[in-house]
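# Summary of structural features
Read off the chains here:
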Amino acid sequence: MDFRLDGRRALITGSTRGLGLAIARAMAEQGAQVIINSRNADDCQATAEALARQGHAVQALPFDASDGPDREAALAGIRDNIDILVNNAGINHRVPLADFDEGAWRNVLDVNLTAPFLLAQLVAPGMVKRGWGRIINIASIMAQVGRATIPAYVSSKHGLVGLTKTLAIELGPHGVTVNAINPGYFATEFNTPLMADPDFDAMVKAHTPVGRWGDPAELAGAAVFLASEAGSYVNGAALTVDGGMTATL
Ligand SMILES: NC(=O)c1ccc[n+]([C@@H]2O[C@H](COP(=O)([O-])OP(=O)(O)OC[C@H]3O[C@@H](n4cnc5c(N)ncnc54)[C@H](OP(=O)(O)O)[C@@H]3O)[C@@H](O)[C@H]2O)c1
């Protein structure tokens, strides 16, 4: 059973903090060369330097995943040499339907759904040429259920699991697997306002059988598994990592 990632080059979008950083660290610990990304060049550099100080092979690659020219310029020299793509960068917009403007809807869809599609399109040809690749889309339990006031987020994550399935079918014959991970509620900056809300915090703890928010490190094992040889027959799946929340009524 081989969970190592030696010799693999992994691009993890949105990896300066939160779940992306936990995934990047775990993949580096398994021997991968990791590429750290976000929109903030200083954060990318600082994160890459911190991982390099721990002895990991790491590169900083700042770009906005939802900005076509920025994305394509950043990937121009390396797009054919990415073995593992983790589409992790994601945003949310939380307001009642009446106040949800079209620009906000498009922005969430651009980052959470269109960017993963276009990034996969950029790196897949190199994977197909080498006959090996992994694309891992970080969706959400909001790809399985819904919640009021976040229609763009819920729609984008449902769409991301659909994208995962269709790419898995098209790329599987070429040695490239495509899977999603559906995280539940994890303690990251993304959720700071929700964790600070006593009612929401209590709701998460009450509805999660393990009784707490997830630690980002607890998501990383799923990503390493899907990226490794141990996960080679998993394709087109959405792996839920939620402490049991979606198993309950
Ligand atoms: N935390 C949870 O409980 C949870 C649950 C389910 C699903 N998820 C999903 O997991 C993913 C990561 O969530 P998180 O909680 O770790 O979020 P986070 O703490 O807010 O971190 C998001 C990361 O993405 C980067 N980013 C945002 N927009 C970007 C863009 N357009 N291009 C490139 N990088 C961008 C951020 O850096 P900059 O802002 O500096 O660019 C940051 O590095 C998201 O897709 C989210 O939907 C999270």
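Since the structure is predicted, the reported quantities are computational estimates derived from the model, not experimental observations.

Take the overall build of the chain next. Assigned secondary structure in the chain consists of 8 helices and 7 strands. Taken over the C-alpha trace, the chain has a radius of gyration of 17 Å; the compact-globule value for 249 residues is 18 Å, and the two agree within 12%. With the principal axes as the frame, the chain shows a C-alpha extent of 50 × 40 × 40 Å. Out of the 249 residues in the chain, the part that is buried amounts to 43%.

Attention now goes to the sheet that holds strand β4 (residues 84-87). With parallel pairing, 7 strands are arranged side by side in an open sheet as β3-β2-β1-β4-β5-β6-β7. Each end of this open sheet is capped by a strand with a single partner; those strands are β3 (58-60) and β7 (238-241). Recorded for the sheet is a direction-independent mean angle of 20 degrees between the axes of neighbouring strands. Judged from the 4 bridges that link them, strand β1 (residues 9-12) and strand β2 (residues 33-36) form a sheet pairing that is parallel. Following the sheet pairing, Ala10 is matched in β2 by Val34. Helix-sheet contacts for helix α4 (residues 102-130) involve β4, β5 (133-138) and β6 (176-183), and the interaxial angle to β4 is about 170 degrees.

Here the focus is the site of the ligand. Taken together, 29 residues lie around the ligand, and Gly14, Gly18, Gly90, Thr188 and Phe190 are the ones closest in. Counting residues per element, the shell around the ligand draws most heavily on helix α1 (residues 18-29), at 3 residues. Of the residues assigned to the shell around the ligand, the class counts are 10 nonpolar, 14 polar and 5 charged.

With 8 of 8 residues buried, β6 is to be regarded as a mostly interior element. The alternating pattern of β6 places Val176, Val178, Ala180 and Asn182 and Thr177, Asn179, Ile181 and Pro183 on opposite faces, both of which are buried. With 6 bridges joining them, β5 and β6 adopt parallel strand pairing. Bridge pairing in β6 links Asn137 to Ala180. Taking the sense of rotation as the criterion, the β-α-β connection linking β5, helix α5 (residues 151-171) and β6 turns out right-handed. Across 4 bridges, β6 lies against β7 in parallel orientation. Residue pairing for β7: Ala180 is matched across the bridge by Ala238.

Attention now moves to helix α2 (residues 41-53). Over its 13 residues, α2 extends 18 Å from the first C-alpha to the last, a length consistent with the 18 Å expected when each residue adds 1.5 Å. By the burial criterion, the buried members of α2 are Cys44, Thr47, Ala48 and Leu51. Each buried residue of α2 sits inside an arc of 100 degrees when the element is viewed along its axis, so together they form one side. Opposite the packed face of α2, turned more than 90 degrees from it, sit the exposed residues Asp42, Glu49 and Arg53. The elements touched by buried residues of α2 are α1, β2 and β3. Residue Gly55 follows α2 closely and has a positive phi angle near 90 degrees.

The contact between α1 and helix α8 (residues 217-227) brings their axes to 8 Å, and the two run at 55 degrees. By the criterion of interaxial angle, the relationship of α1 to α8 is oblique. At the point where α1 passes α8, the crossing takes the right-handed sense. Across the interface between the two elements, Leu19, Ala22, Ile23, Ala26 and Met27 of α1 pack against Ala217, Leu219, Ala220, Gly221, Ala223, Val224 and Ala227 of α8. In terms of residue class, the contact of α1 with α8 is built from 11 nonpolar, 1 polar and no charged.

Turning our attention to the nonpolar core. Counting 67 residues, the largest nonpolar core has Ala10, Ile23, Met27, Val34 and Ala223 as its most contacted members. The biggest single contributor to this core is α4, with 10 residues. Ignoring sequence-local partners within four residues, the contact set of Ala223 consists of Ile23, Ala26, Val86, Ile136 and Ile181.

Although it is not a glycine, Thr149 adopts a positive phi angle of roughly 75 degrees. Residue classification places Thr149 among the partly exposed positions, given that 14 C-beta atoms sit within 10 Å.

What counts and how
Residues numbered from 1 in each chain as written. Predicted model: local features only at pLDDT ≥ 70, side-chain atom pairs only at ≥ 80, totals over all residues. Helix = DSSP H or I, 4+ residues; strand = E, 2+ residues; numbered from the N terminus. Rg over C-alpha atoms; globule rule 2.2 N^0.38 Å. Buried ≥ 20, exposed ≤ 12 C-beta atoms within 10 Å, placed from the backbone. Pairing = 2+ DSSP bridges. Axes fitted to C-alpha atoms, helices over the stretch in contact; angles between N-to-C directions. Contact = placed C-beta atoms within 7 Å. Near = placed C-beta within 6 Å. Nonpolar A, V, L, I, M, F, W, Y, C, P; charged D, E, K, R; others polar. Right-handed = clockwise from strand over helix to strand, strands pointing away. Expected span 1.5 Å × (residues − 1). Arc of directions from axis to C-beta. Parallel < 35°, antiparallel > 145°, perpendicular 65-115°, else oblique. Left-handed = near helix turned anticlockwise from the far one by under 90°. Core = buried A, V, L, I, M, F, W, Y, C linked by C-beta atoms within 7 Å.

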